[in-house]
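Below are the chains, spelled out letter by letter.
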Amino acid sequence: MLTLYHHSFSPSSRFVRLVLAEYQAAFEEVQVNPWERPRELLELNAAGTVPVLVENGGPAICGPGPIMEYLDETRGYAVGDRRLMPDHPEARAETRRLVDWSLGKFDHEVVGHLVRERIYKQAMPRSAGGGEPDSAVLRVARANIPHHLRYFGYLVASRRWLAGDRLSFADFALAAELSCADYLGEVKWAEEENVKSWYARMKSRPSMRPMLGEKILGMPPAASYADLDF
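So, how was this worked out
- Each residue is numbered by its place in its chain's sequence as written, counting from 1.
- Only residues with pLDDT of at least 70 get local features here, since the model is predicted, and only at 80 or more are side-chain atom pairs given and counted; chain-wide, interface and lining totals rely on the full set of residues.
- The side-chain figures draw on all heavy atoms in the structure; neither hydrogens nor water molecules are used.
- Helix axes use the C-alpha atoms of the stretch in contact, all axes being lines fitted to C-alpha atoms, and the angles between their N-to-C directions lie in the range 0 to 180 degrees.
- Here a strand is any run of E in DSSP of at least two residues, a helix any run of H or I of at least four, and the numbering for each starts at the N terminus.
- Should an angle fall under 35 degrees it is called roughly parallel, over 145 degrees roughly antiparallel, and 65 to 115 degrees roughly perpendicular, with every other angle called oblique.
- Every residue pair with non-hydrogen atoms within 4.5 Å of one another is taken to be in contact.
- For this classification, the nonpolar set comprises Ala, Val, Leu, Ile, Met, Phe, Trp, Tyr, Cys and Pro, the charged set comprises Asp, Glu, Lys and Arg, and every other residue, Gly included, is treated as polar.
- Whether a set of points on the 1 Å grid over the protein atoms alone is a cavity depends on a 1.4 Å probe fitting there but being unable to get out, while an open set qualifies as a pocket with protein on both sides within 12 Å along at least five of seven lines; lining residues are those with an atom within 4 Å of a point.
- Grid points are joined across faces, edges and corners, and a volume is the space filled by probe spheres set on the points.
- Exposure is judged per residue with a 1.4 Å probe applied to protein chains only, and the accessible area is read against the type maximum: over 50% gives exposed, under 20% gives buried, and values in between give partly exposed.
- N or O atoms within 3.5 Å of each other form a polar contact, as long as, within protein, one can give a hydrogen and the other can take it, and as long as residues adjacent in sequence are counted only when both atoms are side-chain atoms.

J.: Pulling in residues and values, what's your account of the packing of helix α6 (residues 169-183) against helix α7 (residues 193-203)?
T.: Here α6 crosses α7 at 100 degrees, and the two axes come no closer than 11 Å. Considered as vectors, α6 and α7 are oriented roughly perpendicular to each other. Within the contact between the two elements, α6 uses Asp171, Phe172, Leu174, Ala175, Leu178, Ser179 and Asp182 and α7 uses Val195, Trp198, Tyr199, Met202 and Lys203. Here the residues of the contact of α6 with α7 sort into eight nonpolar, one polar and three charged.

Below you can see the structure in the form of structure tokens.
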């Protein structure tokens with residue numbers, strides 16, 4: 001049995017949940033507020049971050065990259081054409097590059113700030129940094145998002161999927177990040193039709209439907225969030 005320690009609106013956690021769903025892997029969920037640094041989480045991951053995956057009481061696998069590789073090695077070969085890591089070394093390198101771009105660069109420059117300021121801080125006590133969103137931080141994130149969308153738009157306009165001709169981990173990494181930003185209404189879809197068309201295909205996948213039904217108490221999603229025909 002797999003157990004996933006995660007936060008519902010952690011983009012990296014969403015990435016892992018999507019991959020588990022695509023691989024049709026049964027797993028138990030343990031919701032964690034990482035800013036609370038609960039002992040249970042720290043015993044598994046000294047960094048105090050999510051996601052963390054544990055299988056059958058074995059050692060904790062910490063972070064989206066190691067979890068991705070673990071799931072590919074333990075489940076990927078068994079799903080045949082649905083494997084999310086390409087076979088060719090160059091295609092694998094491109095997939096890993098774009099996973100890192102989405103969960104690293106895009107998150108650090110855009111989505112991570114939006115999630116922290118508009119979601120996490122609403123639940124955090126002031127002693128832990130909670131409170132009103134920092135408007136200066138939000139301005140920077142909003143200024144950065146068009147640059148990333150243009151680059152992603154260039155990629156999906158010239159390829160069938162984000163990293164190449166087949167669906168891969170890269171698509172789910174970007175979809176996880178965009179799903180959080182889209183919940184908050186922070187994505188101007190009309191300005192990047194190529195990304196919008198690609199994301200519409202991702203939203204139609206069964207693995208994404210449960211996630212798009214999740215809501216934050218007192219903060220309804222943007223109208224486009226769960227709409228497949230947005």
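J.: Can you tell me about the layout of surface pockets, naming the residues and giving the values?
T.: Space inside the largest pocket adds up to approximately 380 Å³. Ser10, Pro11, Val50, Asp107 and Tyr120 are, among the 18 residues lining the largest pocket, the residues nearest its centre. Breaking the lining of the largest pocket down by element, the ones donating at least two residues are α1 (11-22) and α4 (89-123). Ranked by the residues each element gives to the lining of the largest pocket, the list is headed by α4, at seven residues. As a volume, the second largest pocket reaches approximately 210 Å³. Around the second largest pocket sit 15 residues that line it, and His7, Phe9, Ile119, Ala123 and Ile216 are the ones nearest its centre. Of the residues assigned to the lining of the second largest pocket, the class counts are eight nonpolar, five polar and two charged.

J.: Give me the lowdown on unusual backbone geometry, citing residues and values where you can.
T.: Between Val50 and Pro51 the backbone carries a cis peptide bond, its omega angle lying at 10 degrees. If you check the backbone angles, Gln24 has positive phi at about 55 degrees while not being a glycine. Relative to the helices and strands, Gln24 is located in the loop between α1 and β2 (27-31). Since its relative accessible area comes to 65%, Gln24 is described here as exposed.

J.: Residues and numbers for the side chain of Ser224, please.
T.: Secondary-structure assignment places Ser224 in the segment after α8 (209-212). A residue is classified by how much of its surface remains accessible, and Ser224, at 17% relative accessible area, is buried. A distance of 2.8 Å separates the side chain of Ser224 from the side chain of Asp182, its partner in a polar contact. Non-local contacts of Ser224, meaning those with residues more than four positions away in its chain, are made with Asp182, Trp189, Lys203 and Phe230.

It is worth stressing that arrangement in space is one thing and function is another; only the former is reported here.
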